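# Observations on the three-dimensional arrangement
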Protein chains: 2
Amino acid sequence: MPKVDLQAVPQTNATGYPDHLADVVQGRWYRRLSPALGLSDFGASHVVLKPGAWSAQRHWHENEDEILVILSGQAVLVDDHGRTLLGPGDIAAFPKGEPNAHCLVNESDEDCAFLVIGQSVNGPCHYPDVDMHENGAGNKRRKDGSAF
Amino acid sequence: MPKVDLQAVPQTNATGYPDHLADVVQGRWYRRLSPALGLSDFGASHVVLKPGAWSAQRHWHENEDEILVILSGQAVLVDDHGRTLLGPGDIAAFPKGEPNAHCLVNESDEDCAFLVIGQSVNGPCHYPDVDMHENGAGNKRRKDGSAF
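Residues numbered from 1 in each chain as written. Chains lettered and ligands numbered in written order. Predicted model: local features only at pLDDT ≥ 70, side-chain atom pairs only at ≥ 80, totals over all residues. Heavy atoms only, no water.

### Description of the overall build of chain A
What counts is decided by this rule: Under the scheme used here, helices are H or I runs from DSSP no shorter than 4 residues and strands are E runs no shorter than 2 residues, and both carry numbers assigned from the N terminus. Computation of the radius of gyration draws on C-alpha atoms, with the globule rule given as 2.2 Å multiplied by the number of residues to the power 0.38. Here the term buried applies to any residue with accessible area under 20% of the maximum for its type, exposed to any over 50%, and partly exposed to those in between, with areas from a 1.4 Å probe on protein chains only.
When helices and strands are tallied, chain A shows two helices and 12 strands. The C-alpha radius of gyration computed for chain A amounts to 15 Å, which stays within 12% of the reference 15 Å derived for 148 residues, consistent with globular compactness. Across its three principal directions, the C-alpha atoms of chain A cover 45 × 35 × 30 Å. When burial is assessed residue by residue, chain A has 49% of its 148 residues classed as buried.

### Re the pattern of salt bridges
For clarity, the threshold we go by: What makes a salt bridge here is a side-chain nitrogen of Lys or Arg within 4 Å of a carboxyl oxygen of Asp or Glu, nothing more.
Inspection of the entire model under this criterion finds 14 salt bridges over all chains. The shortest N-O distance in the salt bridge between Lys3(B) and Asp90(A) comes to 3.6 Å. Of the two residues, Lys3(B) sits in the segment before helix 1 (19-22) while Asp90(A) sits in the loop between strand 6 (82-86) and strand 7 (91-94), which places them in two different chains. Residue classification places Lys3(B) among the partly exposed residues on the basis of a relative accessible area of 29%.

### Considering the relation of the copies chain B and chain A
Spelled out, the test is: Here the copies are matched by least squares. The fit uses the C-alpha atoms of residues with pLDDT of at least 70 in both. Residue contacts are defined here by distance: any two heavy atoms, one from each residue, within 4.5 Å place the two residues in contact.
If you rotate chain B by 180° and push it 0.0 Å along the axis, it lands on chain A with an RMSD of 0.0 Å. The operation mapping one copy onto its partner corresponds to a two-fold rotation axis. Taken as a fraction of all interface residues of chain B, those also at the interface in chain A reach 100%, which identifies the copy contact as same-surface.

### A closer look at the side chain of Gln57(B)
All names here are of chain B. Mapped onto the fold, glutamine 57 is located in the loop between strand 2 (43-49) and strand 3 (60-61). Look at glutamine 57 and you get buried, because its relative accessible area is 7%. For glutamine 57, the residues in contact, after removing those within four places along its chain, are Tyr17, Leu21, Val24, His102, Cys103, Tyr127, Val130 and Met132.

### Points about the interface of chain B and chain A
This is how it is decided: Using a 1.4 Å probe, buried area is obtained as the accessible area two parts lose upon being combined, added over both of them. Any N or O atom pair separated by 3.5 Å or less is treated as a polar contact, with the protein-specific requirement of one donor-capable and one acceptor-capable atom, and with residues adjacent in sequence counted only for side-chain atom pairs. Lys, Arg, Asp and Glu make up the charged group, whereas Ala, Val, Leu, Ile, Met, Phe, Trp, Tyr, Cys and Pro make up the nonpolar group; the residues left over, Gly among them, are polar.
With 39 residues of chain B at the contact, the number on the chain A side is 39 residues. The junction of chain B with chain A conceals about 3,000 Å² of combined surface from both sides, 70% of it contributed by carbon and sulfur atoms. Contact with chain A buries area across many residues of chain B, yet Pro2(B), Asp41(B) and Ile91(B) alone supply 22% of it, more than any other trio. Joining chain B to chain A, the criterion identifies four salt bridges. Remark: the boundary between chain B and chain A carries 12 residue pairs in polar contact (both at pLDDT 80 or more). Elements supplying a minimum of two residues to the side of chain B that touches chain A: helix 2 (33-37), strand 2, strand 4 (66-72), strand 5 (75-79), strand 6 (82-86), strand 7 (91-94) and strand 9 (112-118) of chain B. Looking at the side of chain B that touches chain A, its residues break down into 22 nonpolar, nine polar and eight charged.

### Quick word on the confidence of the model for chain A
The condition that has to hold: The quantity called pLDDT is the predictor's confidence in a given residue, expressed from 0 to 100.
This prediction gives chain A a mean pLDDT of 95; 100% of its residues lie at or above 70. Reported for the predicted complex are a pTM of 0.96 and an ipTM of 0.95.

### So, the nonpolar core
Selection rule: We call a set of buried Ala, Val, Leu, Ile, Met, Phe, Trp, Tyr and Cys residues a nonpolar core when their side-chain atoms join them within 4.5 Å.
Counting residues in each nonpolar core, the largest one holds 32 residues, and the members touching the most others are Ile67(A), Ile117(A), Ile67(B) and Ile117(B). Contributions of two or more residues to this core are made by strand 2 (43-49), strand 4 (66-72), strand 7 and strand 9 (112-118) of chain A together with strand 2, strand 4, strand 7 and strand 9 of chain B. Contact partners of Ile67(B), with chain neighbours within four places excluded, come to Leu33(A), Leu39(A), Phe42(A), Ala44(A), Ile117(A), Ile91(B), Ala92(B), Ala93(B), Leu115(B), Val116(B) and Ile117(B).

Structure (structure tokens):
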């Protein structure tokens, strides 16, 4: 059945961030749609940001295009250009290799839901605001290469 | 600027269908977001279906996953399972190679907008309801291989 029953897709707030950087994403509840729906060309996730939650530490991908669309609620897009309020139907895109680190922050009192598309497997990812680097194998380390 | 200014992206109702199959998509107005936004990992399009418009002739792709989310309005998903009404926030997914031909039909009096993600380059595409086949090179022909 092509219409997606979101309730049937597992939801998690799991993160690969070390504990001291993970507080901001505790309220990020996401469903990985691609494995659940049999898609492999791209990674699609349905994400709910609870009030106060961030979508991620501010980051940019070397090798992964991203596009997202807000489905309900509001979030502030924070990037090198400043702050931009996004609401339902607003789309944001992040071409790979463009070093404009970004994240969404739900500063409202309501949940914000969005759909985001990227690659199924991430490459290297840069986090300018915190001492973390993703080498592309799901292996997050300090910027000097040491393990957390 | 990551927030997409849709008005700055060209909109078209162009189609590669032959005239006798194109009536149903004359009210399909789409914007190809990926080239406009510098994305190459996947093809993303913002589509507005005017009242009465179809998203496509009913079809399925051999080699292309698709996912869409309704942004505003309503459309009926028509596939081998029957008819399913989709509204804002509803997501539908179509794994490549699954021979469940599908399309959206706007049977309402209001525009229906959706975001759809697929590949930038399509492969072979099957149209069970009409005498048309896409061989994967953007070359639509009759099912006996003859040109329109």
